[in-house]
Amino acid sequence: MNWVQERKNLLETMLRLDRLGMVSGSSGNASVKLPAENDKPQLYLISPAGISYDQITADQMVAINHDLESVESTKQAPSSESLLHIAVYDERPDVAAIIHTHSVYASVQAVKAEAIPPIIDEMVVYIGGQIEVSEYGFPGTKELAHNSVMALGDRRAAIIRNHGMFAVADTIKEALRVAELVERVAKIYVHAKISGTVITVPDHAVKAERTMYLKRSGLHGN
Ligand SMILES: [Zn+2]
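Everything quoted here is computed from the prediction, not taken from an experiment.

(A) Geometry of the overall build of the protein chain. Counting its secondary structure elements, the protein chain contains seven helices and six strands. Secondary structure of the protein chain in N-to-C order comes out as α-β-β-β-α-β-α-α-α-β-β-α-α. Its C-alpha radius of gyration of 17 Å places the protein chain within 12% of the 17 Å reference for a compact globule of 222 residues. Taking the principal axes of its C-alpha atoms as reference, the protein chain extends roughly 55 × 35 × 30 Å. Total accessible area on the protein chain stands at roughly 10,800 Å², and carbon and sulfur atoms take up 52% of it. Charge centroids of the protein chain, computed over 22 positive and 27 negative side chains, lie 5 Å from each other.

Structure follows, in structure tokens:
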């Protein structure tokens, strides 16, 4: 079996998302960009479609090419949201891992189609600023993939309207950290809004934290 460590890391990530209640049934998925081999096309490892978390194993992770074709003999189909993953990798060369969840508080914002403003300092430093909500796209389509990429911009997470959220990073460990942070921030925002007025991080601090974010992530944006 190829890419043993990558499979193991992906499985551990999926199981942790399940333990945290950020996914359920067979919903949610994760992928990594596989290490580049000289002159060979880029490959990706992605979680399988339709396998519940109590059944999932490392060897069920599916290695695919850019056209979503499996490159090994496997019974498993790649995640039904594979188009989303490939679209993000195409647009963001700095990204090497993606996690997509249907976590509850992020989904509350997804059904309200309401972005989460910068309310916590670390959110700007690690996610890059406000968490935007995409335009609606039907699950599994290029439209959903395109709209999600648009909402992501140069940040590390976005909410998918009427659906869930996704987080990106240069490693799967870091993507998990970002995904957990998004859910925590969404939870804080939902509770804060119910209980009173929400005060955002002051503009000058957001600006300074954005600069920190861009420096850390090696991005040079505005
Ligand atoms: Zn989904």
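Text resumes after the structure shown.
(B) Expanded view of the packing of helix H2 (residues 82-91) against helix H5 (residues 142-152). Orientation of H2 relative to H5, taken along the N-to-C sense of each, is 40 degrees, at an axis distance of 8 Å. It follows that H2 is oblique to H5 by the angle criterion. Between H2 and H5 lies a crossing whose hand is right-handed. Counting all contacts with H2, which are made through Leu83, Leu84, Ala87, Val88 and Glu91, the residues of H5 involved are Lys142, Leu144, Ala145, Ser148, Val149 and Leu152. Its residues assigned to classes, the contact of H2 with H5 comprises eight nonpolar, one polar and two charged.

(C) Representation of the layout of surface pockets within the structure. Roughly 150 Å³ of volume is contained in the largest pocket. Looking at the largest pocket, the residues that line it are Arg92, Asp94, Val95, Val125, Arg156, Ala169, Asp170, Glu174, Tyr213, Arg216 and Ser217. Its residues assigned to classes, the lining of the largest pocket comprises four nonpolar, one polar and six charged.

(D) How the structure looks around the coordination of the zinc ion. Donor atoms from the polypeptide that bind the zinc ion are His100 (NE2), His102 (NE2) and His163 (NE2), placed at 2.0 to 2.1 Å. One chain supplies every donor for the zinc ion, spaced along it as H-x1-H-x60-H. Taken together, the residues span a long stretch of sequence, with His102 in the loop between strand E4 (97-101) and helix H3 (104-112) and His163 in the loop between strand E5 (157-160) and strand E6 (164-169) at a distance of 61 residues. Since its relative accessible area comes to 16%, His163 is described here as buried.

(E) Highlighting the environment of Gly218. Positionally, Gly218 belongs in the segment after helix H7 (203-217). Classification of Gly218 by relative accessible area gives partly exposed; the value is 48%. It is 7.9 Å that separates the C-alpha atoms of Gly218 and Asp94, two residues lying 124 residues apart in sequence.

(F) Structural detail: the pairing of E5. Burial along E5 is two-sided: the residues Ala157 and Ile159 and Ala158 and Ile160 are all buried. The pairing of E5 with E6 spans four bridges and is classified as antiparallel. Looking at the pairing, Ile160 lines up with Gly164 of E6. Between the end of E5 and the start of E6, which pair antiparallel, lie three residues, with Asn162 showing a positive phi angle near 55 degrees.

(G) Up close: the nonpolar core. Formed by 45 residues in total, the largest nonpolar core has its most connected members in Ile99, Ile116 and Ile127. Element by element, the count of residues in this core is highest for helix H6 (residues 172-195), at ten residues. Excluding residues within four positions of it along the chain, Ile99 makes contact with Thr13, Leu17, Asn29, Ala30, Met165, Phe166, Ala167, Ile172, Ala175, Leu176 and Ala179.

About the criteria used
- Residues numbered from 1 in each chain as written.
- Predicted model: local features only at pLDDT ≥ 70, side-chain atom pairs only at ≥ 80, totals over all residues.
- Heavy atoms only, no water.
- Helix = DSSP H or I, 4+ residues; strand = E, 2+ residues; numbered from the N terminus.
- Rg over C-alpha atoms; globule rule 2.2 N^0.38 Å.
- Areas by Shrake-Rupley, 256 points an atom, 1.4 Å probe, with all protein chains shown as cover.
- Lys, Arg positive; Asp, Glu negative; His and termini not counted.
- Charge placed at Lys NZ, Arg CZ, Asp CG, Glu CD.
- Axes fitted to C-alpha atoms, helices over the stretch in contact; angles between N-to-C directions.
- Parallel < 35°, antiparallel > 145°, perpendicular 65-115°, else oblique.
- Left-handed = near helix turned anticlockwise from the far one by under 90°.
- Contact = heavy atoms within 4.5 Å.
- Nonpolar A, V, L, I, M, F, W, Y, C, P; charged D, E, K, R; others polar.
- 1 Å grid on protein atoms, 1.4 Å probe; cavity = no way out; pocket = protein on both sides within 12 Å on 5 of 7 lines; lining within 4 Å.
- Points joined across faces, edges and corners; volume = space filled by probe spheres on them.
- Donors = N, O, S within 2.8 Å, 3.2 Å for Na, K, Ca; no water.
- Buried < 20%, exposed > 50% of the residue type's maximum accessible area, 1.4 Å probe, protein only.
- Pairing = 2+ DSSP bridges.
- Core = buried A, V, L, I, M, F, W, Y, C linked by side-chain atoms within 4.5 Å.

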